[in-house]
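# Residue-level structural notes
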Amino acid sequence: MTVDRVRIYEVGPRDGLQHESLPISTDDKVEFVKRLAAAGLREIETTSFVSARAIPQLADADELLPRVLSGQATGVRHPVLVPNLRGFERAKAAGATALAVFTAATDAFTRRNIGMTVAESLAAFRPVLAEAAALGWWRRAYVSTAFGCPFSGCVPAAKAVDVAVALLDLGAEEVCYGDTIGVGVPSQVDALVEASLARAIAPDRIAFHFHDTRGTGLANVTAGLRAGIRGFDASTGGTGGCPYAPGASGNLATEDLVYLLDGLGYEHGVSLAGVLDAARFIAGVLGRPLATKVGQAGGWDPDSGEATARP
Ligand code: MG
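Rules used throughout
Residues numbered from 1 in each chain as written. Predicted model: local features only at pLDDT ≥ 70, side-chain atom pairs only at ≥ 80, totals over all residues. Heavy atoms only, no water. Helix = DSSP H or I, 4+ residues; strand = E, 2+ residues; numbered from the N terminus. Rg over C-alpha atoms; globule rule 2.2 N^0.38 Å. Buried < 20%, exposed > 50% of the residue type's maximum accessible area, 1.4 Å probe, protein only. Contact = heavy atoms within 4.5 Å. Core = buried A, V, L, I, M, F, W, Y, C linked by side-chain atoms within 4.5 Å. Pairing = 2+ DSSP bridges. Right-handed = clockwise from strand over helix to strand, strands pointing away. Donors = N, O, S within 2.8 Å, 3.2 Å for Na, K, Ca; no water. Phe/Tyr/Trp six-rings, centres within 6.5 Å; stacked < 30°, edge-to-face > 60°. Lys NZ or Arg CZ within 6 Å of the ring centre and 35° of its normal. Axes fitted to C-alpha atoms, helices over the stretch in contact; angles between N-to-C directions. Left-handed = near helix turned anticlockwise from the far one by under 90°. Nonpolar A, V, L, I, M, F, W, Y, C, P; charged D, E, K, R; others polar. Arc of directions from axis to C-beta. Salt bridge = Lys/Arg side-chain N within 4 Å of Asp/Glu carboxyl O.

Of the regular secondary structure elements, the chain holds 12 helices and 13 strands. Relative to the 2.2 N^0.38 estimate, which gives 19 Å for 311 residues, the radius of gyration of the chain is 18 Å and therefore close to what a compact globule would have. Each principal axis of the C-alpha atoms in the chain carries an extent, and together these give about 55 × 40 × 40 Å. Expressed as a percentage of its 311 residues, the buried residues of the chain come to 54%. Pairs at least 24 residues apart make up 73% of the contacts formed inside the chain by residues separated by at least 6 positions.

Among the nonpolar cores identified, the biggest contains 83 residues, and Leu99, Leu167, Tyr177, Leu192, Phe208 and Phe232 are the most heavily contacted of them. Sort the elements by how many residues they give to this core and helix α7 (residues 157-169) lands first, with eight residues. Apart from residues no more than four positions distant in its own chain, Leu192 is found in contact with Ala146, Phe147, Ala157, Ala160, Val161, Tyr177 and Phe208. Formed by nine residues, the second largest nonpolar core is a distinct cluster that contains Tyr9, Leu81, Ala98 and Ala100.

What follows concerns the pairing of strand β10 (residues 206-209). By the alternation rule, side chains of β10 split into Ile206 and Phe208 and Ala207 and His209, which are all buried. Pairing geometry for strand β9 (residues 174-178) and β10, over four bridges, is parallel. If you follow Tyr177 over to β10, its bridge partner there is Phe208. This β-α-β element, β9 to helix α8 (residues 186-198) to β10, shows right-handed connectivity.

Moving on: the coordination of the magnesium ion. The coordination sphere of the magnesium ion, as far as protein atoms go, consists of Asp15 (OD), His209 (NE2), His211 (NE2) and Asn251 (OD1), spread over 2.1 to 2.2 Å. The sequence pattern describing where the donors of the magnesium ion fall on their chain is D-x193-H-x1-H-x39-N. With His211 in the loop between β10 and α9 (217-226) and Asn251 in the loop between β11 (231-234) and α10 (254-264), this pair connects stretches of sequence that are 40 residues apart. The same class applies to His211 and to Asn251, which are both buried.

Here the focus is the packing of aromatic side chains. Summed over all chains, the structure comprises nine aromatic pairs. Relative to Trp138, the ring of Tyr9 lies with its centre 6.1 Å away and its plane at 35°, an arrangement referred to as tilted. Highlighted residues: Tyr9 in strand β1 (residues 7-10) and Trp138 in strand β6 (residues 138-144), separated in sequence by 129 residues. Their ring planes at 50° and their centres at 6.3 Å tell us that Phe147 and Phe208 sit as a pair that is tilted. Note that Phe147 is positioned in the loop between β6 and β7 (148-149) and Phe208 in strand β10, a separation of 61 residues in sequence. The two residues Phe147 and Phe208 agree in class, both being buried. A connected cluster of aromatic rings, assembled from ring pairs, spans Phe147, Tyr177, Phe208, Phe210 and Phe232. The positively charged end of Arg112 is found above the aromatic ring belonging to Phe151, 4.0 Å away from the centroid.

Glancing now at the packing of helix α2 (residues 26-38) against helix α3 (residues 61-70). Here α2 crosses α3 at 35°, and the two axes come no closer than 10 Å. Considering how the two elements wind past one another, α2 and α3 form a crossing that is right-handed. Facing Thr26, Asp27, Lys29, Val30 and Val33 of α2, the residues of α3 in contact are Glu63, Leu64, Arg67 and Val68. Residue composition of the contact of α2 with α3, by class: four nonpolar, one polar and four charged.

This part covers helix α5 (residues 107-114). The complete set of buried residues in α5 reads Phe109, Thr110 and Asn113. Angularly, the buried residues of α5 cover 95° about the axis, an arc narrow enough to put them on a single face. Away from its buried face, by an angle of more than 90 degrees, α5 presents the exposed residues Arg111 and Arg112. Of the surrounding elements, those touching the buried residues of α5 are β5 (98-104), α6 (118-134), β6 and β7.

Applying the stated rule across the entire model yields 18 salt bridges. The shortest N-O distance in the salt bridge between Glu43 and Arg7 comes to 2.8 Å. One end of the pair, Glu43, is in strand β2 (residues 43-44); the other, Arg7, is in strand β1, and 36 residues separate them in sequence. Classification of Arg7 as partly exposed rests on a relative accessible area of 29%. Among the charged side chains, a salt-bridge network with shared partners connects Arg7, Glu43, Arg77, Arg140, Glu174 and Asp233.

Mapped onto the fold, Gly136 is located in the loop between α6 and β6. The class for Gly136 is exposed, based on a relative accessible area of 59%. Sequence spacing of Gly136 and Ala98 is 38 residues, and the spatial spacing of their C-alpha atoms is 8.7 Å.

Keep in mind that these numbers describe shape and distance, not what the molecule does.
Here it is in structure tokens:
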């Protein structure tokens, strides 16, 4: 019997925490990552080697990553966000072996976010992806605003797929379509998958990064699953939005995703109780209650009918 397996790519430590305004200690970040790995998560985007001025919360990346890697659970991948060659050199010095680069489907967004057009960002990533490939690193590339842009509106699937194809041509192993401002709906997921397959992108090289800003996160995951995609991003505790995208809050919560996948019968290797432990830990660090659905309700045992892993 074949097992239908889903990859859950955890973005909490990086995308989730990056714009938190109160300082979070490196110790607490290390502990958060440790609990995520203990929950069974095997891909944990850990930090970002952007400038400390741009993202003060992740200014401790050079110290954090070696600490995380020294206590690393077996088989866990710790990708880091790298914006340019300078960031790549820092990541390399800190021991990274997996990275993610970050552009978008629309010039209006990349201009505000990283001060470049999409084409300029692709040119900037070329040497980064080439160096990473030469060292055998795992390489992911984000296509943000793949569903809608806060500055230019609805994004046609073909436009996002053009950028994805360019990133794969530059040596990315996986592309991740991001619903940066949380406006996407399932028909758009279908259109993105269809347009990707039409350009010969294999389904196992596609991941989705949904936001639950308007409550469509899990509906979009379901559409992705039905279209044959098996890679989804999520943030434990539901932290993180996008400061360059007005009104955008709410990464899809890992606990909500795990509950859905468990109910649907997909194999993923992640313990809901473990994720809730990590979610409650980070909520405590941030000093606010968990706002996620499953974080509040707990899981559910279909044998006994009782709620599980409640606060
Ligand atoms: Mg996000």
